[in-house]
Every structure is written in structure tokens, then in C-alpha cells.
There are 2 protein chains.
Amino acid sequence: MINDLLIQNIKKNVSLPDTDLKRICNYFKPKTIPKKEFLLTQGSICKFEGFVLEGCFRIFIIDKKGHENTLYFAAKDWWVMDIDSFMNQKPSDLNIQAIEDSKVLLITREDKTDLYNSVPSAEKLFRIMSQKSIVAWQQRLIRNHCQTAKDRYNYYISTYPDIASKLTDKQIAGYLGITHEFLSKIKKKS
Amino acid sequence: MINDLLIQNIKKNVSLPDTDLKRICNYFKPKTIPKKEFLLTQGSICKFEGFVLEGCFRIFIIDKKGHENTLYFAAKDWWVMDIDSFMNQKPSDLNIQAIEDSKVLLITREDKTDLYNSVPSAEKLFRIMSQKSIVAWQQRLIRNHCQTAKDRYNYYISTYPDIASKLTDKQIAGYLGITHEFLSKIKKKS
DNA sequence: TTATCAAGTTGAACTTGTTCAACTATTTTA
DNA sequence: TAAAATAGTTGAACAAGTTCAACTTGATAA
């Protein structure tokens with residue numbers, strides 16, 4: 001069943017009756033995104049919340065210097081969206097691009113609101129998911145402050161080997177917050 | 001009334017009936033923390049979620065080199081806790097210290113669980129608070145990657161002038177992720 | 001299959017930020 | 001109020017990371 005992965009993902013966060021799980025999953029519609037195509041581009045409003053079934057996405061921002069700075073990569077079993085743009089229905093600063101042929105399950109904003117009203121336990125699910133996400137962002141910020149680029153590189157490739165193997169060094173550099181030239185020099189020394 | 005500030009804070013996130021607001025607030029108990037004392041120390045388990053009524057806290061981690069790296073400052077109308085330690089009841093990596101005589105409202109973990117069960121709308125409240133928090137952490141990470149220390153300093157003091165005025169330069173440097181010597185040099189040049 | 005384009009490498013000069021040490025305020029405490 | 005502790009400043013040497021340009025390698029498409 002197409003929703004199996006989503007169900008497993010939900011179960012990692014909360015234990016819900018099967019009826020709730022099914023009702024939640026029914027709001028999500030599959031979509032295929034070919035490699036290099038965008039799920040969201042800077043300036044447009046994020047109208048979906050996505051769950052990745054296959055492939056991988058890069059969520060990045062283009063800064064004033066024209067550099068692509070990657071917020072995160074979302075592979076199978078990750079969530080993908082611009083939470084600020086989705087919540088507040090304002091133009092996004094982010095680009096979300098498939099780096100492989102990919103497949104996602106999407107829920108629209110209207111359906112998400114409806115979901116919260118009709119399946120109250122969804123509030124708990126997304127509260128817990130959000131709180132776990134805060135922990136991850138805090139830890140990433142700490143690593144950025146306390147560790148060198150080399151340590152951050154080693155941390156990423158050992159923590160997310162499956163994602164890292166799909167990425168070019170240029171993409172990884174954009175995630176670490178360094179230039180790809182410097183990443184090349186780091187790798188040579190190790 | 002002591003809970004006025006908390007009620008106003010909640011109302012910024014969700015609109016709830018007064019009965020719910022009161023029931024939520026009743027779980028929170030006031031506590032006074034003198035300047036320099038700790039609400040939480042590294043290694044202990046975070047047993048509370050706090051809302052700051054007066055004063056200011058510094059939430060920081062001591063890294064391998066012995067440097068104090070500040071995750072954030074929490075002044076009046078901010079929330080303060082180690083969300084990872086609180087959720088998972090595991091030893092905290094964080095220290096939370098009052099940098100002024102301070103007053104907080106605290107809810108214990110047991111009461112928080114009870115609150116979610118007895119006041120279902122609390123799920124929505126904390127979901128929305130958490131989602132806003134994710135946005136803030138994402139934006140901070142982007143600023144850390146795309147901006148120089150000087151830009152980050154100017155951003156902080158102009159965005160949070162009331163908090164910045166309570167802090168020493170050493171404390172601000174620890175938040176920006178730079179040494180206090182370098183902050184001193186930045187300030188001289190501007 | 002060759003031409004093209006993007007990814008990765010390397011070096012030299014440069015900028016940003018650190019370290020350490022010595023010094024000068026400014027607070028805090030006895 | 002004097003002594004002690006802490007915060008802030010400055011300089012010099014250093015390390016981390018950037019920039020730009022030239023080159024090599026690998027992938028992609030006509």
C-alpha cells in the first residue's frame with residue numbers, strides 16, 4: 001500500500017487507532033516530481049505539506065551574493081515544505097528541488113485545516129513532530145557554532161550516509177555553509 | 001493578575017475560550033530565581049517548561065574547548081526550557097542561568113501531560129508555538145550561514161534591543177558564535 | 001561519439017575570525 | 001572603601017575559510 005511508509009512514520013511519533021491513521025493518510029495525494037524540477041520556488045506560496053516516498057529533495061535559499069545555501073535535504077521518510085510560507089500563506093524564500101526522480105504525498109493547506117478539525121489526534125501528532133524538529137534545529141545550530149567545517153562534514157556523512165551518497169560535494173558544501181572549493185581541500189587533507 | 005502576561009502570550013497563538021485559558025494557566029506555578037542562579041544545569045533532567053514573567057535567562061552549552069555557546073536568551077514573554085531533555089526525560093546538555101533577578105511560571109512534566117489530556121485545545125496551542133519556533137530556528141541558521149558576524153550583531157541588537165541592553169558583550173558574542181575579543185574589534189570598526 | 005556543460009581540484013592572495021597575552025575599565029563583594 | 005573579580009580593549013601571530021582563475025574529470029545530450 002502506498003501509505004505504508006507514511007503510517008510507519010506517524011507511528012514513530014504517536015500511537016493512534018487505525019481509523020485515525022487511515023483518515024489522516026486519506027488526505028495525502030501522491031505526486032511525481034522528475035529530477036531537477038521544483039516543488040516550490042522562491043516568491044511563490046507553499047500550498048502543501050509533503051512526505052517523501054522516493055527520491056530526494058534539496059531545500060535551499062539563494063542569498064544576496066547568489067550563493068545557494070541549503071537548509072536541509074529530504075529523502076525517503078522525511079517531511080518537506082516551507083513551514084513559514086505554509087503557515088502564514090506568504091511568499092516563500094525557499095526553493096525545493098528534486099535531485100532525483102521523486103515521489104511525494106502532499107496535503108493541501110485547506111485539507112490540513114480540515115484534518116485538524118476532523119481528526120483531533122492530528123494536533124498531537126504534528127505537535128510532537130514539530131517539537132522533535134526544534135531539537136534537531138537547535139542541535140544543528142550548536143554544531144555550526146562549536147565545530148569546524150571538517151567535523152560538520154564528517155558528522156553529516158556518517159549520520160546520513162544514505163542521503164550523502166546521493167549528493168554532489170557542491171550540494172553538501174551548500175548545506176555545511178562552506179564553499180565547494182574549501183570542501184574539496186578538507187577532503188584532501190583527511 | 002500574575003497570569004495576565006501568559007494569557008496574552010497564549011492569545012497571540014490561538015484564540016481559546018476563557019475557561020480553557022484559565023485551566024491552562026492554573027497548571028503554572030510561579031518561581032523566583034535570583035541573579036546568577038540556575039534553573040537547569042548540564043547533566044540534570046529538565047522537569048519543567050517555563051514562561052518568563054520578569055528578568056532574563058541565558059540558555060547555553062559548554063563545548064569541548066570550554067567555550068560557553070549561547071542557544072538563546074529568554075526575557076519577559078519568552079518560553080524557557082530544554083525541550084529535548086523535557087520531552088525525553090534525558091540528561092540535559094544545557095545550562096539555564098538567570099542573568100537578572102527573575103520570575104517564571106513553571107509547569108511540571110506530569111502536569112503538562114495532564115494538561116494535554118484534560119484541555120485538548122492545549123495541543124493546538126503548543127503545536128502552533130512549536131511551528132513558529134521552527135521558523136525562527138531555520139531563519140537563525142540561514143543568518144549564520146549567509147551573514148558575517150558584524151551583520152549578525154547588528155541584526156540582534158536591532159531586533160531585540162530590550163534584551164541586548166541587559167547583556168554583556170561577552171554574552172552577546174557567545175550567542176553570535178564568535179569570541180568576545182572579535183566582537184570588541186567589530187564594534188570598534190563600525 | 002564528440003561536443004558541451006557541470007562537478008571537482010588546486011594554488012595564490014585575501015578576508016574573517018581565533019588565540020594568547022597584556023592591559024584598562026567597571027562591577028562586585030568583603 | 002579597598003580589594004578582587006569580571007568585562008572590555010588592543011596587538012601580533014595564527015588558523016579557518018573565501019575568492020578567483022585555471023585546470024581536470026566526469027556526465028549528458030545532440
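Treat the numbers as computed from the prediction; the structure is a model and nothing was measured. Along each chain, residue indices are assigned from 1 in the same order as the chain's sequence is written. The naming scheme follows written order: chains are lettered A onward, ligands numbered 1 onward. Thresholds applied to this predicted model are a pLDDT of at least 70 for local features of residues and 80 or more for the giving and counting of side-chain atom pairs; totals over whole chains, interfaces and linings are not thresholded and use all residues. Water and hydrogen atoms were dropped before computing side-chain values, which therefore reflect all heavy atoms in the structure.

Enquirer: I'm lost on the relation of the copies chain A and chain B in this one. Help?
Expert: We superpose the copies by least squares over the C-alpha atoms of residues that have a pLDDT of at least 70 in both of them. Overlaying chain A on chain B yields an RMSD of 0.0 Å, the required transformation being a rotation through 180° with an accompanying axial translation of 0.0 Å. Here the copies are linked by what is in effect a two-fold axis. By C-alpha distance to the rotation axis, the residue of chain A lying nearest is Arg127(A), at 2.0 Å. What makes two residues a contact is simply this: any of their non-hydrogen atoms within 4.5 Å. Same-surface contact between copies: 100% of interface residues of chain A are shared with the interface of chain B.

Enquirer: Whenever I open this one, the side chain of Arg152(A) confuses me. Can you help?
Expert: Residues and elements named next belong to chain A. Considering the arrangement of structural elements, one finds Arg152 in helix 6 (residues 149-159). Only protein chains enter the area calculation, which uses a 1.4 Å probe; residues under 20% of their type maximum are buried, those over 50% are exposed, and those in between are partly exposed. When charges are tallied, Lys and Arg are placed among the positive residues and Asp and Glu among the negative ones, while His and the ends of the chain are skipped. Here a salt bridge means any side-chain nitrogen of Lys or Arg lying within 4 Å of a carboxyl oxygen belonging to Asp or Glu. For Arg152, which is buried and forms no salt bridge, the nearest opposite charge comes from Asp151, at a distance of 8.3 Å. Counting of polar contacts relies on pairs of N or O atoms within 3.5 Å, with two restrictions inside protein: one atom must be capable of donating a hydrogen and the other of accepting it, and residues adjacent in sequence are counted only when both atoms are side-chain atoms. Within polar-contact distance, the side chain of Arg152 engages the backbone oxygen of Gln147 at 3.3 Å. Beyond its immediate sequence surroundings of up to four residues, Arg152 is in contact with Arg143, Asn144, Gln147, Leu176 and Ile178. Each helix is a run of DSSP H or I of at least 4 residues and each strand a run of E of at least 2, with the numbering of both proceeding from the N terminus.

Enquirer: In this structure, what is going on with the sheet that holds strand 4 (residues 56-62) of chain B? I would like to understand it.
Expert: Adjacent strands of a sheet pair through backbone hydrogen bonds, lying either parallel or antiparallel. For two strands to count as paired, DSSP must find a minimum of two bridges between them. In spatial order, the strands read 2-7-4-5 (chain B); together these 4 strands make up an open sheet with antiparallel pairing. Looking at which strands have only one partner, the edges of the open sheet turn out to be strand 2 (38-40) and strand 5 (68-75) of chain B. Geometrically, the sheet is characterised by an average inter-axis angle of 25° between neighbouring strands, direction not taken into account. As defined by bridge partners, strand 4 of chain B adjoins strand 5 of chain B across 7 bridges and the pair is classed as antiparallel. Along strand 5 of chain B, the bridge assignment pairs Phe57(B) with Ala74(B). To get an axis, fit a line to the C-alpha atoms, keeping to the stretch in contact for a helix; angles then go from 0 to 180 degrees between the N-to-C directions. Docked against the sheet, helix 5 (residues 121-146) of chain A engages strand 4 and strand 5 of chain B, running at close to 135° with respect to strand 5 of chain B.

Enquirer: Which parts of the structure should I look at to understand the interface of chain A and chain B?
Expert: Size of an interface, as often reported, equals the accessible area lost when the parts are brought together. Counting residues at the interface gives 31 residues for chain A and 32 residues for chain B. Carbon and sulfur atoms supply 66% of the area buried between chain A and chain B, which totals about 3300 Å² over both sides. If you sort the residues of chain A by the area they bury against chain B, Gln138(A), Leu141(A) and His145(A) come out on top, with a joint share of 18%. Joining chain A to chain B, the criterion identifies 4 salt bridges. Of all the secondary-structure elements, those providing two or more residues to the side of chain A that touches chain B are strand 5 (68-75), helix 3 (83-88), helix 5 and helix 8 (169-176) of chain A. Sorting elements by how many residues they give to the side of chain A that touches chain B places helix 5 of chain A first, with 20 residues. Values labelled buried area give the accessible surface lost by two parts on being combined, using a 1.4 Å probe and summing over both.

Enquirer: Any chance you could explain the packing of helix 1 (residues 4-13) of chain A against helix 5 of chain A here in plain terms?
Expert: All names here are of chain A. One can describe the packing of helix 1 onto helix 5 by two numbers: an axis separation of 9 Å at closest approach and a directional angle of 75°. Here helix 5 runs roughly perpendicular to helix 1, going by the angle between their axes. Judged by residue contacts, Ile10, Lys12 and Asn13 of helix 1 engage Leu125, Ile128, Met129 and Lys132 from helix 5. Note on residue classes: Ala, Val, Leu, Ile, Met, Phe, Trp, Tyr, Cys and Pro are nonpolar, Asp, Glu, Lys and Arg are charged, and everything else, Gly too, is polar. Broken down by class, the residue content of the contact of helix 1 with helix 5 amounts to 4 nonpolar, 1 polar and 2 charged. By definition in this entry, angles of less than 35 degrees are roughly parallel, angles greater than 145 are roughly antiparallel, angles of 65 to 115 are roughly perpendicular, and the rest are oblique.

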